[in-house]
Amino acid sequence: MKNIVETAMDAGSFKTLVSAVKAAGLADTLSGPGPFTVFAPNDAAFSKIPKRQLDDLLKDPKRLRSVLTYHVVNGRISSSDVSKMHSARTVQGQDLSIDSSRGVMISDARVIQKDIRCSNGVIHVIDKVLMPM
């Protein structure tokens with residue numbers, strides 16, 4: 001079984017996320033033992049960010065790291081566990097709100113694919129890039 005970074009690279013739909021993880025210096029961490037739960041925006045989610053804003057973010061490693069770690073929770077949290085939660089503390093330090101009343105929403109992003117198992121955690125694909133306060 002592959003780790004989170006290898007799984008994202010092989011999927012082919014996380015090119016922007018993988019580039020951002022590398023630019024922020026998080027590839028080694030997310031390839032490490034974990035376990036981590038990643039609410040992973042796919043390329044379509046990143047494409048919703050205006051190009052100039054995304055380019056600026058990718059050039060600012062500190063801010064980029066904050067945005068990316070806002071998508072990561074310590075531990076391996078399956079979709080059945082996520083659906084029972086109301087919030088989750090991110091590696092970044094802030095909480096994500098979780099609402100399972102109409103499908104699973106992580107803040108204002110919808111989970112569109114769940115439970116992609118990795119050797120060091122799990123990926124749940126979301127349709128929007130989350131921005132910390």
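Preceding this section is the structure that the text describes.
Residues numbered from 1 in each chain as written. Predicted model: local features only at pLDDT ≥ 70, side-chain atom pairs only at ≥ 80, totals over all residues. Heavy atoms only, no water.

1. Remarks on helix α6 (residues 61-69)
Move 1: Among the residues making up α6, those that are buried are Leu-64, Val-67, Leu-68 and Thr-69.
Move 2: Those residues of α6 that are buried are in contact with α2 (15-23), α5 (51-58) and β2 (72-74). (Buried < 20%, exposed > 50% of the residue type's maximum accessible area, 1.4 Å probe, protein only. Helix = DSSP H or I, 4+ residues; strand = E, 2+ residues; numbered from the N terminus. Contact = heavy atoms within 4.5 Å.)

2. Description of the pattern of salt bridges
Move 1: This model, assessed by the stated rule, comprises five salt bridges.
Move 2: Of the charged contacts in the structure, one is a salt bridge between Lys-128 and Asp-108, with a shortest N-O distance of 2.5 Å. Residue Lys-128 is found in the segment after β7 (121-126), and its partner Asp-108 is found in the loop between β5 (105-106) and β6 (109-118); the two are separated by 20 residues along the sequence.
Move 3: Overall, the relative accessible area of 31% leaves Lys-128 in the partly exposed class.
Move 4: Owing to a relative accessible area of 46%, Asp-108 belongs among the partly exposed residues under this scheme. (Salt bridge = Lys/Arg side-chain N within 4 Å of Asp/Glu carboxyl O.)

3. A closer look at the nonpolar core
Move 1: Judged by nonpolar contacts, the single largest core of 29 residues is most densely connected at Phe-14, Leu-17, Val-21, Leu-30, Val-38, Leu-68 and Ile-123.
Move 2: Counting residues per element, this core draws most heavily on α2, which supplies four residues.
Move 3: Setting aside anything within four residues of it in sequence, one finds Val-21 in contact with Leu-26, Ala-27, Leu-30 and Leu-68.
Move 4: In terms of nonpolar packing, the next biggest core, distinct from the first, is built from 14 residues, Phe-39, Tyr-70, Val-73 and Ile-77 among them. (Core = buried A, V, L, I, M, F, W, Y, C linked by side-chain atoms within 4.5 Å.)

4. With respect to the side chain of Thr-37
Move 1: With respect to the element layout, Thr-37 can be found in strand β1 (residues 36-41).
Move 2: Among the polar contacts made by the side chain of Thr-37, one reaches the main-chain carbonyl oxygen of Gly-75 at a distance of 2.7 Å.
Move 3: In contact with Thr-37, not counting residues within four places along its chain, are His-71, Val-72, Val-73, Gly-75, Arg-76, Ile-77, Val-122 and His-124. (Polar contact = N/O pair within 3.5 Å; in protein donor to acceptor, adjacent residues only side chain to side chain.)

5. Let's talk about the pairing of β1
Move 1: With six of six residues buried, β1 lies mostly within the body of the structure.
Move 2: The alternating pattern of β1 places Phe-36, Val-38 and Ala-40 on one face and Thr-37, Phe-39 and Pro-41 on the opposite face, and all of these are buried.
Move 3: Two strands pair when backbone bridges link them, and β1 and β2 are joined in this way by three bridges, in the antiparallel orientation. Its bridge partner lying in β2, Val-38 is registered against Val-72.
Move 4: In this sheet, β7 lies alongside β1 in parallel orientation, the contact comprising six bridges. Residue pairing in the sheet places Phe-36 in a bridge with Gly-121 of β7. (Pairing = 2+ DSSP bridges.)

6. Looking at the sheet that holds β6
Move 1: The strand order across the open sheet built from seven strands is β2-β1-β7-β6-β5-β4-β3, with neighbouring strands paired in mixed fashion. Either end of the sheet is taken by a strand with one partner, and the two such strands are β2 and β3 (87-89).

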